[in-house]
Amino acid sequence: MNVIWALPNSSQMLCVLAGNKQKRPWEDLGLDLLKYKNSWYLLISDYYSRYPEIARLERLTSAEIINHCKSIFSHHGIPDVVRSDNGSQFEPVKTVEFKDFAKSYGFTHVSSSHKFSQSNGLIEATVKTVRARIKKSRDPYFPLMAYRATPLENGFSPSELLMGRRINTTLPVAETQLQPYSVNKKVLEAKEERRMEGQKTKYDKHHGVRNFDELGPGQNVWVTDRRVTGKVLQKTPYPRSYLVQSGRRVYRRNRKHLIPSPDFHPEPEPEDDSDVMGYQHSPGDADPGYPPLMSSPQSPKT
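Reference entry: report on the structure contained in this document. All figures in this text were calculated on a predicted structure; none of them were measured in a lab.

Rules of the game
- Residues numbered from 1 in each chain as written.
- Predicted model: local features only at pLDDT ≥ 70, side-chain atom pairs only at ≥ 80, totals over all residues.
- Heavy atoms only, no water.
- Phe/Tyr/Trp six-rings, centres within 6.5 Å; stacked < 30°, edge-to-face > 60°.
- Helix = DSSP H or I, 4+ residues; strand = E, 2+ residues; numbered from the N terminus.
- Buried < 20%, exposed > 50% of the residue type's maximum accessible area, 1.4 Å probe, protein only.
- Lys NZ or Arg CZ within 6 Å of the ring centre and 35° of its normal.
- Pairing = 2+ DSSP bridges.
- Axes fitted to C-alpha atoms, helices over the stretch in contact; angles between N-to-C directions.

Here we come to the packing of aromatic side chains. As enumerated under the stated definition, the model contains six aromatic pairs in all. Aromatic pair phenylalanine 73 and phenylalanine 101: ring centres 6.2 Å apart, planes at 15°, arrangement stacked. With phenylalanine 73 in helix 1 (residues 62-76) and phenylalanine 101 in helix 2 (residues 96-105), this residue pair connects regions lying 28 residues apart in the sequence. Judged on exposure class, the residue phenylalanine 73 and its partner phenylalanine 101 are both buried. A centroid spacing of 5.3 Å and a plane angle of 75° characterise the contact between phenylalanine 101 and phenylalanine 107, whose relative ring orientation is edge-to-face. Across the pair, exposure class does not vary: phenylalanine 101 and phenylalanine 107 are buried alike. Ring pairs connect the aromatic residues Phe73, Phe98, Phe101, Tyr105 and Phe107, which therefore count as one cluster. Above the plane of the ring of tyrosine 47 lies arginine 83, whose end atom (NZ or CZ) is 5.9 Å from the centre.

Right, here's the structure in full:
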């Protein structure tokens, strides 16, 4: 029987999930790699304050990234969670060295689903903002300082939210305004709640988004970006992220790229396996960065 796959329209998108509510500054960070004028930069942004830190990389290696992370953490402390994209340029943070670094410093590293960097929205937006600002100045640090001192939609600047004080810039400011103080957390939380709800409503309405049903283990699916069929193994701890087995290979995909299929027709395995996850048959041998897979998965039915 011929099967016609109803691929989702490009305008159909997942609705925005309500953002995690961070309880304190420097608790949850986004990490990205920014290329500007043939140089790579490490960009780290705090989800609570949106305060960015940037460091130029001499080499795009795990050791170089880890060294700059340690330097930045020495200024602000160790976060609970560090989030990053899952693209090819992030190979340096998928290494054993970075996992050991996360373990030794006691933070959790979370990566977005393959080809779905939108789930790490804060850092994606910060990259665009920083790139746009530094392009307009010969001194990349001056616009970065200005951004840190500029009030956000909630009325507080990133420096106020992170450090409890305004930072001195070239703009005139009364000395009393540079004194440290405590941000009214109730006022901040109320403003942030309204901001996030407004952004979610605006985004969902503009893109005509809709919610997708949850997928269960053993469910047959079509992986749209790989154009192969597969079976859902399990949902990962990350939002809308699933492990899907196709043949002997296991992919991690966002719900956006998975279409439920009533019939299962195995497809030839693609030659490009750059985004294939290592598949372990024993939970004890599983990658510590991911939940253990099923110990004895069933072969796809033909």
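Back to the write-up after that little detour.
Before going further, it helps to spend a moment on the sheet that holds strand 3 (residues 52-57). The strand order across the open sheet formed by five strands is 3-2-1-4-5, and the pairing between neighbours is mixed. Strand pairing shows two members of the sheet lacking a second neighbour, strand 3 and strand 5 (108-111), which therefore form its edges. Between one strand axis and the next, the sheet turns by 25° as a mean value, whatever way the strands run. As paired elements, strand 4 (residues 81-84) and strand 5 share four bridges and run parallel to each other. Bridge assignment links serine 84 to a residue of strand 5, and that residue is serine 111.

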